[in-house]
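Coordinates in review
For reference, the chains in residue letters:
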Amino acid sequence: MTVNSGKPAGLNAFETKFRQWRALHKTPDTVIAAHREVMLERVVQSMTFEGEPITLTRLKTLLDQ
């Protein structure tokens, strides 16, 4: 399905969201900081997917040891 511009229907929404993200992340430092904020959540999700469920709290405890 396409909209009048000839682009796929969800592409305009994606482009808008991407422009907003780029406005907030203008430098490599801001991109790195954004990735660090979600890194532990992604590790927990990955471990759960692999059948090794762990909580974010437990992961933080293990990393502090």
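These numbers come from a predicted model, not from an experiment.

Criteria and cut-off values
- Residues numbered from 1 in each chain as written.
- Predicted model: local features only at pLDDT ≥ 70, side-chain atom pairs only at ≥ 80, totals over all residues.
- Heavy atoms only, no water.
- Helix = DSSP H or I, 4+ residues; strand = E, 2+ residues; numbered from the N terminus.
- Buried < 20%, exposed > 50% of the residue type's maximum accessible area, 1.4 Å probe, protein only.
- Areas by Shrake-Rupley, 256 points an atom, 1.4 Å probe, with all protein chains shown as cover.
- Polar contact = N/O pair within 3.5 Å; in protein donor to acceptor, adjacent residues only side chain to side chain.
- Contact = heavy atoms within 4.5 Å.
- pLDDT = per-residue confidence, 0-100.
- Axes fitted to C-alpha atoms, helices over the stretch in contact; angles between N-to-C directions.
- Parallel < 35°, antiparallel > 145°, perpendicular 65-115°, else oblique.
- Left-handed = near helix turned anticlockwise from the far one by under 90°.
- Nonpolar A, V, L, I, M, F, W, Y, C, P; charged D, E, K, R; others polar.

We now examine the overall build of the protein chain. The helix and strand tally for the protein chain stands at 3 helices and 0 strands. Listing each helix as α and each strand as β along the protein chain from the N terminus yields α-α-α. Split into buried and exposed, the 65 residues of the protein chain put 6% on the buried side. As presented, the protein chain carries roughly 5,800 Å² of accessible surface, and 59% of it is formed by carbon and sulfur atoms.

This part covers the side chain of histidine 25. Structurally, histidine 25 can be placed in the loop between α1 (11-24) and α2 (28-49). A polar side-chain atom of histidine 25 sits 2.8 Å from the main-chain carbonyl oxygen of tryptophan 21. Apart from residues lying up to four places away in sequence, histidine 25 is in contact with Thr30, Val31 and Ala34.

Chain-level statistics for the protein chain give a pLDDT mean of 85 and a share of 89% at 70 or above. The least confident element of the protein chain, judged by mean pLDDT, is helix α3 (residues 56-64) at 88; the most confident is α1 at 90.

Bringing the packing of α2 against α3 into the picture now. Between α2 and α3, whose axes approach to 10 Å, the crossing angle comes to 110°. One finds that α2 runs roughly perpendicular with respect to α3. When the axes of α2 and α3 are compared, the crossing they make is right-handed. Of α3, the residues touching α2 (which contributes Leu40, Glu41, Val43 and Val44) are Leu56, Leu59, Lys60 and Leu63. A class-by-class count of the residues in the contact of α2 with α3 yields 6 nonpolar, no polar and 2 charged.

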